[in-house]
Amino acid sequence: AQSVTQLGSHVSVSEGALVLLRCNYSSSVPPYLFWYVQYPNQGLQLLLKYTTGATLVKGINGFEAEFKKSETSFHLTKPSAHMSDAAEYFCAVSGHFGNEKLTFGTGTRLTIIP
Amino acid sequence: DTGVSQDPRHKITKRGQNVTFRCDPISEHNRLYWYRQTLGQGPEFLTYFQNEAQLEKSRLLSDRFSAERPKGSFSTLEIQRTEQGDSAMYLCASSSPLQGQYPREQYFGPGTRLTVT
């Protein structure tokens, strides 16, 4: 079975500071990994995904994530936080062909301090 | 492309009542997913359809839950004899066979928030 673990249910950073949201995965096969963002009362929006190839993945809104197989990690970063980044962030893993359902972590709520 | 829509956005019901939610996927998206999100948790997979065929159901989907996608377009999720534990956000997502790279991106709707009193 595949799973992801998000370390830290709440993270607060100052505006302009580095954002680091942590995600570790468990998978018996090479994983497909995702980061989604959820704003209040809205659905989830895909930030970025890792499938194969380049381990540093760039997404929307200046976010990026690095797949590290040796550490089974897929941490999300952004060099400079903006007030509009305040939201809930979910890491997810999907199955392989024919089984694309997503398994999500418990989420990290990001607060930006002015 | 108007996005995935869900109706209603909010539903308050009394325990024991039946409720039905509707999801309209993005046009021509052949896969449709239902997830449930409880407070403080990530979404959990419930079931998914490819066209009108329901291909997988989670063990979370008890006998009180049923989902349909009769013409391969919109889908409904019905909960019979609701319980307080059913209170959650029910999310729908869809994906297109025309997306090039696997895995295909799932586009999420805004969700239906169910409160069972």
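Structural data are supplied above this passage.
A brief structural summary. (Residues numbered from 1 in each chain as written. Chains lettered and ligands numbered in written order. Predicted model: local features only at pLDDT ≥ 70, side-chain atom pairs only at ≥ 80, totals over all residues. Heavy atoms only, no water.)

Considering the overall build of chain B
Short version of the rule: Strands are runs of DSSP state E lasting at least 2 residues, helices are runs of H or I lasting at least 4, and numbering of each runs from the N terminus. Computation of the radius of gyration draws on C-alpha atoms alone. For the globule rule, the value is 2.2 Å times the number of residues to the power 0.38. Burial status follows relative accessibility: with a 1.4 Å probe on protein chains alone, a residue under 20% of its type maximum counts as buried, one over 50% as exposed, and anything between as partly exposed. Whether two residues are in contact is decided by their heavy atoms, any of which lying within 4.5 Å being enough. Every accessible area reported is derived by Shrake-Rupley at a probe size of 1.4 Å, with residue values counting cover from the shown protein chains alone.
Helices and strands together make up the secondary structure of chain B, namely 0 helices and 11 strands. In chain B, the succession of α and β elements from N to C terminus is β-β-β-β-β-β-β-β-β-β-β. Taken against the 2.2 N^0.38 rule, which gives 13 Å for 117 residues, the C-alpha radius of gyration of chain B at 14 Å falls within 12% of a compact globule. Within chain B, the fraction of its 117 residues that count as buried is 50%. Restricting to contacts in chain B with at least 6 residues of sequence separation, those with at least 24 account for 54%. As displayed, chain B offers around 6000 Å² of accessible surface, 43% of which is attributable to carbon and sulfur atoms.

Some remarks on the layout of surface pockets
Note the following rule: Whether a set of points on the 1 Å grid over the protein atoms alone is a cavity depends on a 1.4 Å probe fitting there but being unable to get out, while an open set qualifies as a pocket with protein on both sides within 12 Å along at least five of seven lines; lining residues are those with an atom within 4 Å of a point. Grid points are joined across faces, edges and corners, and a volume is the space filled by probe spheres set on the points. Gly is placed with the polar residues, together with every amino acid not listed as nonpolar (Ala, Val, Leu, Ile, Met, Phe, Trp, Tyr, Cys and Pro) or charged (Asp, Glu, Lys and Arg).
Its boundaries defined by the atoms lining it, the largest pocket holds a volume of some 440 Å³. For the largest pocket, the lining is made up of 22 residues, of which A:Gln38, A:Glu88, A:Arg109, B:Gln37 and B:Leu39 are closest to its centre. Those elements that provide at least two residues to the lining of the largest pocket are β9 (87-94) of chain A together with β9 (88-95) of chain B. Element by element, the count of residues in the lining of the largest pocket is highest for β9(A), at 3 residues. Classifying every residue of the lining of the largest pocket by side-chain character gives 7 nonpolar, 12 polar and 3 charged. Approximately 230 Å³ is the volume found for the second largest pocket. Broken down by secondary-structure element, the contributors of at least two residues to the lining of the second largest pocket are β10 (102-104) of chain A together with β5 (44-50) of chain B. Among the elements that make up the lining of the second largest pocket, the one with the highest residue count is β10(A) (3 residues).

Quick notes on the sheet that holds strand β7 (residues 65-68) of chain B
All names here are of chain B. Note the cut-off: Two strands make a pair as long as DSSP finds a minimum of two bridges between them. To obtain each axis, a line is fitted to C-alpha atoms, and for helices this fit is confined to the stretch in contact; angles are then taken between N-to-C directions over 0 to 180 degrees.
Strands sit in the order β1-β3-β8-β7 across an open sheet of 4 strands; the sheet is antiparallel. The open sheet has two free edges, formed respectively by β1 (5-7) and β7, since each of these has just one partner strand. The sheet shows a mean angle of 15° between the axes of neighbouring strands, direction not considered. Bridge analysis of β1 against strand β3 (residues 19-24) gives 3 bridges, and the strand direction is antiparallel. Among the inter-strand pairings, Ser5 is bridged to a residue of β3, identified as Asp24.

A look at the interface of chain B and chain A
Much of the literature gives interface size as the accessible area that the parts lose upon coming together. We count it as follows: The term buried area means the drop in 1.4 Å probe accessible area that two parts suffer when joined, counted for both and summed. When a carboxyl oxygen of Asp or Glu is within 4 Å of a side-chain nitrogen of Lys or Arg, the pair counts as a salt bridge.
Listed by partner, the interface residues are 22 residues for chain B and 24 residues for chain A. Interface area, chain B with chain A, both sides summed: about 2000 Å², of which 50% is carbon and sulfur. The largest per-residue losses of area from chain B upon contact with chain A belong to B:Tyr102, B:Pro103 and B:Phe108, which jointly make up 31% of the total buried on that side. Linking chain B with chain A are 3 salt bridges, by the criterion used here. Its salt-bridge partner being B:Arg31, residue A:Glu100 comes within 2.7 Å of it at the nearest N-O pair. At the level of secondary structure, the elements contributing two or more residues to the side of chain B that touches chain A comprise β4 (31-37) and β5 of chain B. With 4 residues, β4(B) is the single largest residue contributor to the side of chain B that touches chain A.

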